[in-house]
Every structure is written in C-alpha cells, then in structure tokens.
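# Report on the structure
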Amino acid sequence: MNIIFLGPPGAGKGTQSQRLAKKYGIAPISTGDMLRAEVKANSEIGKQAQEIMNAGQLVPDSLMVSMIQKRVKADDCKNGFILDGFPRNLEQAKALDKMFSEQNLTLNVVLSLKVDESALADRIAGRFSCAQCGASYNKYFNKPKHEGECDSCGSHEFIHRKDDNRETVLARLETYRNQTAPLLPYYEKKNCLFIIDGTKDINEVGQEIDEVLKKIRIQQG
Ligand code: AMP
C-alpha cells in the first residue's frame, strides 16, 4: 500500500505516519527527516538545504525528486511506503505521478490531515522527538509514558527542531498555503483524496485513518 500524507506543519503527519508504518509494515518516508540527516552529516545536500529550511521555504524540486526516486527503491519499501512531506508542490506531484507510472507503482490513497491554522503554532511549539529513533512527542498532549524516556527505544536523548520557532513556522504555513494546498484539488480530481479531522486526539485520528484504509482495501481489492 502506497500512501501520501498531506497537511500543514504540525498537523500530525509524522506521528500518524510512524503509527501506520508499524501497523502495516510499510516504510515511513519523511523528506524533512532525510534533509535533517543530511544537515547533521554536513553533506553537500545538507549545506544547500539548511538555510532554505531555516527560512521555512522549499528545497529545490530536482533535489527532492531524485532523493525520493532513490529512496522508494530501497528494500524496506517493497510492501509499500508512506510519503510524509512529499510532494510539497504541483511540480513534485507531477514528477511523482511520472515516477509511479515508470516504476509500475500504484498510489492507493492521499490522506490530508485538516487542522485550523490557529491551533498549529502552539502544537508546533510543544513538539520534540527522540534523537535515536525519531519517535514524535508533544509536551502538551503526547508525552512519553515515563518522563524523559522514549516509549519506542528507551533513549533519554530528545531533540527540538530548529525550524520549530514562531517566525519560521509562520513562513512554513505561508509556504503550505501557497504551494502545497493546491495539491488538494489536484488529488481530489484523481479521486484518491480523503480529508481526516486532525484536531481530534491522536488515537481517534488513527482510528479514522484505519477506517479509510479499510474502505480503500475493500474497494481496491
Ligand atoms: P518537514 O519536516 O516535512 O516539516 O520539512 C522541514 C523542511 O524541510 C521544510 O520546511 C522544507 O524546507 C524542507 N522540505 C521537506 N520536504 C520537502 C519537499 N518535499 N520539498 C521541498 N522542501 C522540503
């Protein structure tokens, strides 16, 4: 099963994508995480991406498309994958369509998490993740079960994203509005878009997603 997650920053794409990956044995692909790994490694790509990410803008399409083309060929994508953070604009969506058809892949569903902009800034301010395994948390509504210890891998080291500050968040929201939101009508026309209410509690959002996937599986056989 191949899934695209859409939604503004802070809507919960990462959390739900990690959950689905575990449940269905498919690969979670976060282009943001891939770029942050490049920045950490101080690679050429990382050097190119860092300033753009800190400004809340989009890294060039050609770089992102070739990154994804390579990534979906990895072994862990054989059962399928979840794209979290890609595509981010129409050019990337068209390149992805081409890649799916060239590689004989099917796009099963596009899930869009809907959350009001007013709620996003606070959500983002509270979030942090495990430095070892990347599991996502939020200090307001999704803390680790034991304080200071990752539920998934037991690590005690956590990180806060550099671009999760109010100023960059406003720029990221504007980028989402202008460049990513037009993907909703694009996928709606292809009849594969499902809107999920992302304001609910994490488990309830997960349940709504599971119901959509169940329906899709029955429809698509
Ligand atoms: P994310 O973790 O998905 O919020 O991404 C963090 C930042 O990485 C974004 O604000 C962009 O600067 C960059 N980025 C992630 N995915 C993409 C993409 N598909 N295209 C361009 N830039 C991206």
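The rules behind each value
- Residues numbered from 1 in each chain as written.
- Predicted model: local features only at pLDDT ≥ 70, side-chain atom pairs only at ≥ 80, totals over all residues.
- Heavy atoms only, no water.
- Helix = DSSP H or I, 4+ residues; strand = E, 2+ residues; numbered from the N terminus.
- Expected span 1.5 Å × (residues − 1).
- Buried < 20%, exposed > 50% of the residue type's maximum accessible area, 1.4 Å probe, protein only.
- Arc of directions from axis to C-beta.
- Contact = heavy atoms within 4.5 Å.
- Core = buried A, V, L, I, M, F, W, Y, C linked by side-chain atoms within 4.5 Å.
- Near = heavy atom within 4 Å.
- Polar contact = N/O pair within 3.5 Å; in protein donor to acceptor, adjacent residues only side chain to side chain.
- Areas by Shrake-Rupley, 256 points an atom, 1.4 Å probe, with all protein chains shown as cover.
- Nonpolar A, V, L, I, M, F, W, Y, C, P; charged D, E, K, R; others polar.
- Salt bridge = Lys/Arg side-chain N within 4 Å of Asp/Glu carboxyl O.

Here we come to helix α9 (residues 202-220). Taking 1.5 Å per residue, 19 residues should reach 27 Å; α9 reaches 27 Å between its end C-alpha atoms and fits that length. Listed as buried for α9 are V205, G206, I209, D210, V212, L213 and I216. Along the axis of α9, the buried residues cluster in a sector spanning 165°; they form a single face. Exposed residues pointing more than 90 degrees away from the buried face of α9 are listed as N203, Q207, E211, K214, I218 and Q219. Of the surrounding secondary structure, the elements contacted by the buried residues of α9 are β1 (2-6), α1 (13-24), β4 (109-114) and β8 (193-197). Two residues or fewer past α9, G221 is found with a positive phi of approximately 75°.

If you look at the biggest cluster of nonpolar residues, it comprises 30 residues, and the most contacted ones within it are L96 and Y187. Elements that contribute at least two residues to this core include exactly β1, β2 (27-30), α2 (31-40), α3 (44-54), α4 (61-71), β3 (81-84), α5 (90-102) and α8 (183-189). In terms of residues, this core owes the most to one element, α4, which gives 5 residues. Excluding its chain neighbours within four sequence positions, the residues that come into contact with L96 are I4, I68, L83, F86, P87 and Y187. Counting 22 residues, the second-largest nonpolar core is a separate cluster that includes L20, V109, L120 and V205.

In this section: the site of the ligand. Taken together, the neighbourhood of the ligand is formed by 16 residues, with T31, R36, Q57, G85 and Q92 sitting nearest. T31 is positioned with one of its side-chain polar atoms (N or O) 2.8 Å from a nitrogen atom of the ligand. Separating an oxygen atom of the ligand from a side-chain N or O atom of R36 is a distance of 3.0 Å. Out of a free accessible area of 480 Å², the ligand has 96% covered by protein chains. With 4 residues, α2 is the largest single contributor of residues to the shell around the ligand. When the residues that make up the shell around the ligand are grouped by side-chain class, the tally is 6 nonpolar, 5 polar and 5 charged.

According to the stated counting rule, one finds 16 salt bridges in the structure shown. Between D75 and K78 there is a salt bridge, and its shortest N-O distance comes to 2.7 Å. By relative accessible area, which is 59% here, D75 ends up exposed. Under the relative-accessibility criterion, K78 is labelled exposed at 66%. Across the pair R161 and D164 runs a salt bridge, and its minimum N-O distance is 4.0 Å. Using a relative accessible area of 6% as the deciding quantity, one classes D164 as buried. In this structure, a network of salt bridges that share partners links the residues R127, R161, D163, D164 and R172.

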